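The lines below spell out each chain.
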Amino acid sequence: MLSESATVTDIRPLDDDLAAPFQIEGQPARGRLVRLGSVIDDILGRHDYPEPVARLLGEACALAALVGSSLKFEGRLIVQAQGDGPVNYVVADYDTSGGLRGYCRFDATRLAALEAERPGASALLGPGVFIMTIDPTGGKDRYQGVTAISGETLALSAEEYFAQSEQVPTRVRLAVGQVHDAEGLRWRAGGMMIQNIAEDQARGPTEEAWERAQILFATLGQDELLDPLVAPETLLFRLFHEDGVRLFPAKPLTAFCRCTEDRVAGMLRAFPGADIEAMIEEDGRIHVTCEYCSREYALDPGLVT
């Protein structure tokens, strides 16, 4: 029990690196909560990104976990944004096993020229597009939704995506930052999403209840999403204690990458022979670095010819 006025049921002990669904009791609003500790620190720590770029990738990863963890089938959820700004590409890839990975491409010179102290998504990416792709396994059709990049956080682009592509009223809050712990300065990220459940004959009108849920959601602070001392159930109680909130079992999240020597060799086989020859370095090998995990491969050219 959270209190006499709010309950959490079906709960197991929760920690970092999780995605957990919840339901506001008696109200037509449901949501998901993501907390990332060592997972996002691992992902961002593999790259020496400037702080604004790292924050943008952290947002993308938290968002991918928020949306991807709701999929009811095996596959992937890919969050991408690309524009003509200093950061021309950011991608986060969520696997329904709970695996998460991502990377950015950026122009260091243009990034350094930004006047904003902590530039947000639209300043970093510039005019461009926000894309979410659902990629089921088993030969099922891919689904992709595209909207314009909107606002200084990817949360606003995600809200616009759901309004246009899914016609589901949605609110999203994302947070990325660094905290000190016993091991030093570490990255953390968090996110929360609530969605309106459409009215029907049994439920009746939902507009008033949805407005109330949004007002309560708007009080959520970014520091609360990042604070490792604030448990998920405590955070939900702070927001929705007047109505009660039901928190369901969490899905653990991990940092992962799909790259293998065989996959890298297969990718290289798509290049013409002359290009393969040009890639061979002085040690007689082809050197490739995975953009996602920064792992370096030194391949024998015989593997790709």
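Residues numbered from 1 in each chain as written. Predicted model: local features only at pLDDT ≥ 70, side-chain atom pairs only at ≥ 80, totals over all residues. Heavy atoms only, no water.

Draft legend 1. Structural context of the overall build of the protein chain. Of the regular secondary structure elements, the protein chain holds 10 helices and 14 strands. At 21 Å, the protein chain has a C-alpha radius of gyration in line with the 19 Å of a compact globule built from 305 residues. Here the C-alpha coordinates of the protein chain stretch approximately 70 × 45 × 40 Å along the principal axes. For the protein chain, the residues scored as buried account for 50% of the 305 residues in total. By sequence separation, contacts in the protein chain at least 24 residues apart represent 64% of the contacts at least 6 residues apart. (Helix = DSSP H or I, 4+ residues; strand = E, 2+ residues; numbered from the N terminus. Rg over C-alpha atoms; globule rule 2.2 N^0.38 Å. Buried < 20%, exposed > 50% of the residue type's maximum accessible area, 1.4 Å probe, protein only. Contact = heavy atoms within 4.5 Å.)

Draft legend 2. Summary view of the side chain of Asp95. For Asp95, the location among the structural elements is in strand E4 (residues 87-95). In this structure the side chain of Asp95 is engaged in a polar contact, spanning 2.7 Å, whose partner is the side chain of Ser97. Side chain to side chain, Asp95 and Arg258 meet in a polar contact 3.1 Å long. Not counting chain neighbours up to four residues away, the residues in contact with Asp95 comprise Gly75, Arg76, Phe256 and Arg258. (Polar contact = N/O pair within 3.5 Å; in protein donor to acceptor, adjacent residues only side chain to side chain.)

Draft legend 3. How the structure looks around the pairing of strand E2 (residues 29-36). Most of E2 sits out of view: 7 of its 8 residues are buried. Here strand E1 (residues 18-24) runs beside E2; their pairing, made up of 6 bridges, is antiparallel. Each bridged residue has a counterpart across the sheet, and for Gln23 the counterpart in E2 is Arg30. Between the end of E1 and the start of E2, which pair antiparallel, lie 4 residues, with Gly26 showing a positive phi angle near 70°. Of the pairings in the sheet, the one linking E2 to strand E9 (residues 184-196) comprises 8 bridges and is antiparallel in character. When the sheet's bridge partners are listed, Gly31 is paired in E9 with Ile194. (Pairing = 2+ DSSP bridges.)

Draft legend 4. Just the layout of surface pockets, in detail. The calculated volume of the largest pocket comes to roughly 440 Å³. Lining the largest pocket are 20 residues, with Arg30, Ser70, Phe162, Met193 and Gln195 sitting closest to its centre. Of all the secondary-structure elements, those providing two or more residues to the lining of the largest pocket are E1, E2, strand E6 (128-136), helix H5 (154-166) and E9. (1 Å grid on protein atoms, 1.4 Å probe; cavity = no way out; pocket = protein on both sides within 12 Å on 5 of 7 lines; lining within 4 Å. Points joined across faces, edges and corners; volume = space filled by probe spheres on them.)

Draft legend 5. Fine view of the sheet that holds E4. Taken in spatial order, the 6 strands line up as E7-E6-E3-E4-E5-E12 in an open sheet, and their pairing is mixed. Of all strands in the sheet, those with a lone pairing partner are strand E7 (143-148) and strand E12 (254-255), marking the two edges. Two elements, strand E3 (residues 75-83) and E6, share 9 bridges in a ladder whose sense is antiparallel. From the neighbouring strand, Gln82 faces E6, where its bridge partner is Val129. Against the sheet, helix H2 (residues 51-68) touches E3, E4, strand E5 (99-106) and E6, its axis set at about 35° to E4. (Axes fitted to C-alpha atoms, helices over the stretch in contact; angles between N-to-C directions.)

Draft legend 6. Summary view of helix H6 (residues 207-217). Buried residues of H6: Ala209, Trp210, Ala213, Gln214, Leu216 and Phe217, and no others. All buried residues of H6 lie within an arc of 160° about the axis, which places them on one face of the element. Opposite the packed face of H6, turned more than 90 degrees from it, sit the exposed residues Glu207, Glu208 and Ile215. For H6, the elements touching its buried residues are E1, E2, strand E8 (170-181), E9 and helix H8 (232-240). (Arc of directions from axis to C-beta.)

Draft legend 7. Region of interest: the confidence of the model for the protein chain. On average, the protein chain scores 89 in pLDDT, and the residues at 70 or more come to 93%. Here residues 1-14 scores under 50 on pLDDT; set against residues more than four positions off or in separate chains, the count is 38 contacts. (pLDDT = per-residue confidence, 0-100.)

Draft legend 8. Structural detail: helix H1 (residues 38-45). Every buried residue of H1 is accounted for by Val39, Ile40, Asp41, Ile43 and Leu44. Residues of H1 that are buried sit in contact with E2, H2, E5, E9 and E12.

Draft legend 9. Region of the structure containing the pairing of strand E14 (residues 296-299). The alternating pattern of E14 places Tyr297 and Leu299 on a buried face, while none of Glu296 and Ala298, on the opposite face, is buried. Summarising the sheet, strand E13 (residues 286-289) and E14 pair through 4 bridges and their orientation is antiparallel. Directly across from Thr289, in E14, lies its bridge partner Glu296. In sequence, E13 turns back onto E14 through a hairpin of 6 residues, with Ser294 there showing a positive phi of about 65°.

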